[in-house]
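Survey of secondary and tertiary structure
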Amino acid sequence: MNIYIRQELNKDYIITEELTEKAFKGMEFSNNNEALLVRRLRKSKYFIPELSLVAEMDDEIVGHILLSKIKINNDNNSIESLALAPISVLPEYQNKGVGKTLIKDVLNRAKELGYKSVIVVGHEKYYPKFGFRPMKNWKIRAAFDVPENVLMGLELEKDAFSECENGIIEYPKVFFE
Ligand SMILES: CC(C)(COP(=O)(O)OP(=O)(O)OC[C@H]1O[C@@H](n2cnc3c(N)ncnc32)[C@H](O)[C@@H]1OP(=O)(O)O)[C@@H](O)C(=O)NCCC(=O)NCCS
């Protein structure tokens, strides 16, 4: 079955939120807040409409991914980066390549738009397939407690993180409401 990726439109909002809820339901690490996070991010200044994508199969929306603006700060620098969160695939469509297709597509689009890096807190075995590596490689950490191996980043431009070594990732408040 073909997987078709396109930008999320206003008319998709309710469907996307429902699918996010279904995807995370029962996941041990879930705070049952992911659908609301999507809604809050869309309304915030950190939202980039071009990087909120849906995956369709048979004309049905089966997956969604969202990249939004974050910052990394160290003593000398503040750089813009992107947070990958959340990504959701309907349970009955998981393990069919939907997640992979969404991630590859959104990374290409982010690069085309000129963004230089992406950060994710996620499955340590899943994201390395796309080139993500633990942020500790760049001595960059989050301002909140998170195991080192699940805080990962990807440079879309060579040495993007090097400018901010020893930095701290600043997730906007909207992530914690
Ligand atoms: C994680 C998720 C987005 C992956 O999407 P998907 O369409 O199922 O993934 P794909 O079909 O592209 O890839 C499947 C691969 O991912 C792996 N995978 C799926 N869920 C995983 C998990 N929770 N942890 C580690 N690996 C996982 C599968 O084992 C498979 O590996 P393989 O390619 O080596 O066989 C999807 O399973 C999902 O929505 N899960 C619930 C919500 C969630 O966990 N979101 C991510 C939070 S970081």
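Small disclaimer: the values here were computed from a predicted structure and weren't measured.

1. Some words on the site of the ligand
Of all residues adjacent to the ligand, which total 20 residues, the nearest are Val-89, Asn-95, Gly-97, Gly-99 and Lys-100. Between an oxygen atom of the ligand and a main-chain N or O atom of Gly-97, the distance comes to 2.6 Å. With respect to the ligand, the side chain of His-123 contributes an N or O atom lying 3.1 Å from an oxygen atom. Across the complex, the protein chains shield 72% of the 880 Å² of accessible surface that the ligand would expose by itself. Because more than half of its atoms lie within 2 Å of the grid, the ligand is assigned to the largest pocket. Going through the elements one at a time, α1 (13-24), β4 (78-89) and α3 (98-112) are the ones with two or more residues in the shell around the ligand. For the shell around the ligand, the residue count by class is 10 nonpolar, 7 polar and 3 charged.

2. What about the packing of aromatic side chains?
By the definition in use, this model includes 8 aromatic pairs. Here Phe-24 and Phe-29 contribute two aromatic rings whose centre-to-centre distance is 6.2 Å and whose plane-to-plane angle is 90°, an arrangement assigned as edge-to-face. Seen in terms of ring centroids, Tyr-126 and Tyr-127 are 5.3 Å apart; in terms of plane orientation they differ by 80°. Their pairing is edge-to-face. Judged by relative accessible area, which is 5%, Tyr-127 ranks as buried. Ring pairing ties together the aromatic residues Tyr-126, Tyr-127, Phe-130 and Phe-132, which thus form one cluster.

3. A few points about a negative patch on the surface
A cluster of acidic residues, Asp-58, Asp-59, Glu-60 and Glu-92, forms a negative patch at the surface. With respect to the secondary-structure elements, Glu-92 resides in the loop between β4 and α3.

4. Observations regarding the layout of surface pockets
When its volume is computed, the largest pocket comes out at roughly 1,200 Å³. Forming the boundary of the largest pocket are 35 residues, of which Phe-24, Phe-29, Val-121, His-123 and Tyr-127 lie nearest the centre. Elements represented by at least two residues in the lining of the largest pocket include exactly α1, α2 (34-43), β4, α3 and β5 (117-121). A per-element tally of the lining of the largest pocket places β4 first, with 6 residues. When grouped by side-chain class, the residues that make up the lining of the largest pocket number 21 nonpolar, 9 polar and 5 charged.

5. Thoughts on the side chain of Glu-17
Positionally, Glu-17 belongs in helix α1. Assessed through its relative accessible area of 10%, Glu-17 is described here as buried. Excluding residues within four positions of it along the chain, Glu-17 makes contact with Ala-35, Arg-39 and Arg-42.

6. A look at α1
A rise of 1.5 Å per residue sets the reference length of α1, with its 12 residues, at 16 Å; its end C-alpha atoms lie 17 Å apart and thus fit the reference within 8%. Three or more residues of α1 are buried, namely Thr-16, Glu-17, Leu-19, Thr-20, Ala-23 and Phe-24. Projected down its long axis, α1 shows its buried positions confined to an angular sector of 165°, all on one face. Summarising the geometry of α1, the exposed residues directed more than 90 degrees from the buried face are Ile-14 and Glu-21. Those residues of α1 that are buried are in contact with α2, β2 (47-57), β3 (60-73) and β4. Positive phi shows up at Gly-26, right after α1, with a value of about 80°.

7. Structural notes on the pattern of salt bridges
Per the stated rule, a full pass over the model turns up 10 salt bridges. With its nearest N and O atoms 3.0 Å apart, the salt bridge here joins Arg-6 to Glu-56. Of this pair, Arg-6 sits in strand β1 (residues 4-7) while Glu-56 sits in strand β2, placing them 50 residues apart in sequence. The same class applies to Arg-6 and to Glu-56, which are both buried. For the salt bridge of Lys-158 with Asp-159, the shortest nitrogen-to-oxygen distance reads 3.4 Å.

Parameters and conventions
- Throughout this document, residue positions are counted from 1 along each chain, in the order its sequence is written.
- Totals for whole chains, interfaces and linings use every residue, but because this is a predicted model, local features are given only for residues with pLDDT of at least 70 and side-chain atom pairs only at 80 or more, for both listing and counting.
- Just so you know, side-chain values use all the structure's heavy atoms and leave hydrogens and water out.
- It suffices for a single heavy atom of a residue to lie within 4 Å of a molecule or strand for the residue to be listed as near it.
- Whenever two N or O atoms come within 3.5 Å, that pair is a polar contact, provided that in protein one can donate a hydrogen and the other can accept it, and provided that, for residues adjacent in sequence, both atoms are side-chain atoms.
- To measure how exposed things are, a 1.4 Å probe is used in the Shrake-Rupley method; for residues, cover is taken only from the protein chains shown.
- A pocket here means an open set of points on a 1 Å grid, computed over the protein atoms alone, that has protein on both sides within 12 Å along at least five of seven lines. A cavity is instead a set of points where a 1.4 Å probe fits but cannot get out; residues with an atom within 4 Å of a point line either one.
- Pocket occupancy is defined atom-wise: a molecule lies in a cavity or pocket when more than half of its atoms are within 2 Å of its grid points.
- Helix and strand definitions follow DSSP, with helices as H or I runs of at least four residues and strands as E runs of at least two, each counted in order from the N terminus.
- Ten residues, namely Ala, Val, Leu, Ile, Met, Phe, Trp, Tyr, Cys and Pro, are considered nonpolar, four, namely Asp, Glu, Lys and Arg, are considered charged, and the remaining ones, Gly among them, are considered polar.
- Any two of the Phe, Tyr and Trp rings considered here, Trp counted by its six-membered ring, make a pair once their centres fall within 6.5 Å; the pair's planes then place it as stacked at under 30 degrees, edge-to-face at over 60, or tilted in between.
- Each residue is assigned to one of three classes by its accessible area relative to the maximum for its type, calculated with a 1.4 Å probe on protein chains only: buried under 20%, partly exposed between the two thresholds, exposed over 50%.
- Within this analysis, patches are made of residues with over 30% relative accessible area and no salt bridge. Like charges are joined at 9 Å or less; nonpolar side chains (Val, Leu, Ile, Met, Phe, Trp, Tyr) at 5 Å or less.
- By salt bridge we mean one thing: a side-chain nitrogen of Lys or Arg within 4 Å of a carboxyl oxygen of Asp or Glu.
- Counting rule for charge: Lys and Arg are taken as positive, Asp and Glu as negative, and neither His nor the chain ends is counted.
- By convention, the charge on Lys lies at NZ, on Arg at CZ, on Asp at CG and on Glu at CD.
- Grid points are joined across faces, edges and corners, and a volume is the space filled by probe spheres set on the points.
- Contact definition: two residues touch when any of their heavy atoms are within 4.5 Å.
- A helix is expected to span 1.5 Å multiplied by its residue count minus one.
- Here the arc refers to the set of directions running from the helix axis out to each C-beta atom.

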